[in-house]
Amino acid sequence: SAETVLGKVNGLVCMECQLKLSRSLTDVAGVKATIQVAWPEGVALVASKDSVNITEDEFASIVENNGFELQKITKVDQYISSPSDGLKILKSIN
């Protein structure tokens, strides 16, 4: 079943940051996953129509190893490919 790992990321300030984090997430999650990193929203997500090939811990490590701060993280049992939809979900959790 579909899954998405969503993270609210501090420190994403430009396109370069976005690309750097995107590449690192792709290295772990693989090219079959949908990976979105949106610096204006400060959101990173890894989505799959099957199960995602990345744990929340791996996701958190990748964010932090790239020099960013992970504010929130969650995993949902649905396919989310839009950073703005991801942001709504992240805002709804504590």
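Here the structure is a predicted model, which means the values were calculated and not measured.

Our next topic: the pattern of salt bridges. Under the definition given, this model contains 1 salt bridge. Close ionic contact of D85 with K88 constitutes a salt bridge, the shortest N to O distance being 3.7 Å. You can see D85 and its partner K88 sitting in helix α3 (residues 83-92), 3 residues apart, about one turn around the helix. Using a relative accessible area of 35% as the deciding quantity, one classes D85 as partly exposed. According to the relative accessible area criterion, K88 is exposed, its value standing at 57%.

Further remarks concern the packing of aromatic side chains. Two descriptors summarise a pair of aromatic rings, namely the distance from one centre to the other and the angle between the planes of the rings. Per the stated rule, a full pass over the model turns up 0 aromatic pairs. One residue, K49, lies across the ring of Y79, its end atom 3.9 Å from the ring centre.

Quick look at a nonpolar patch on the surface now. Taken together, M15, L19 and W39 make up a surface patch of nonpolar side chains, about 280 Å² in accessible area. By the secondary structure assignment, W39 is in the loop between β2 (34-38) and β3 (43-48).

This part takes up the environment of V28. You can see V28 is positioned in helix α1 (residues 15-29). In this structure the C-alpha to C-alpha distance between V28 and E58, which are 30 residues apart in sequence, comes to 8.2 Å. When sequence neighbours within four positions are dropped, the list of residues in contact with V28 reads N53, I54, E58 and I62.

Looking now at the nonpolar core. With 20 residues, the main nonpolar core has V9, L21, L25, V46, I54 and F59 as its most contacted residues. Sorting the residues of this core by element identifies β1 (3-10), α1, β2, β3 and α2 (56-65) as the ones contributing at least two each. Formed by 9 residues, the second largest nonpolar core is a distinct cluster that contains A47, V76, L87 and I89.

What follows concerns the environment of W39. The exposure class assigned to W39 is partly exposed, which follows from its relative accessible area of 34%. Spatially, the C-alpha atoms of W39 and S84 are 11 Å apart, while their sequence positions differ by 45 residues. The residues contacting W39, other than those within four sequence positions of it, are L12, V13, C14, M15 and Q18.

The rules we used
- Residues numbered from 1 in each chain as written.
- Predicted model: local features only at pLDDT ≥ 70, side-chain atom pairs only at ≥ 80, totals over all residues.
- Heavy atoms only, no water.
- Salt bridge = Lys/Arg side-chain N within 4 Å of Asp/Glu carboxyl O.
- Helix = DSSP H or I, 4+ residues; strand = E, 2+ residues; numbered from the N terminus.
- Buried < 20%, exposed > 50% of the residue type's maximum accessible area, 1.4 Å probe, protein only.
- Phe/Tyr/Trp six-rings, centres within 6.5 Å; stacked < 30°, edge-to-face > 60°.
- Lys NZ or Arg CZ within 6 Å of the ring centre and 35° of its normal.
- Patch = residues over 30% accessible without salt bridge, like charges linked within 9 Å, V, L, I, M, F, W, Y side chains within 5 Å.
- Areas by Shrake-Rupley, 256 points an atom, 1.4 Å probe, with all protein chains shown as cover.
- Contact = heavy atoms within 4.5 Å.
- Core = buried A, V, L, I, M, F, W, Y, C linked by side-chain atoms within 4.5 Å.

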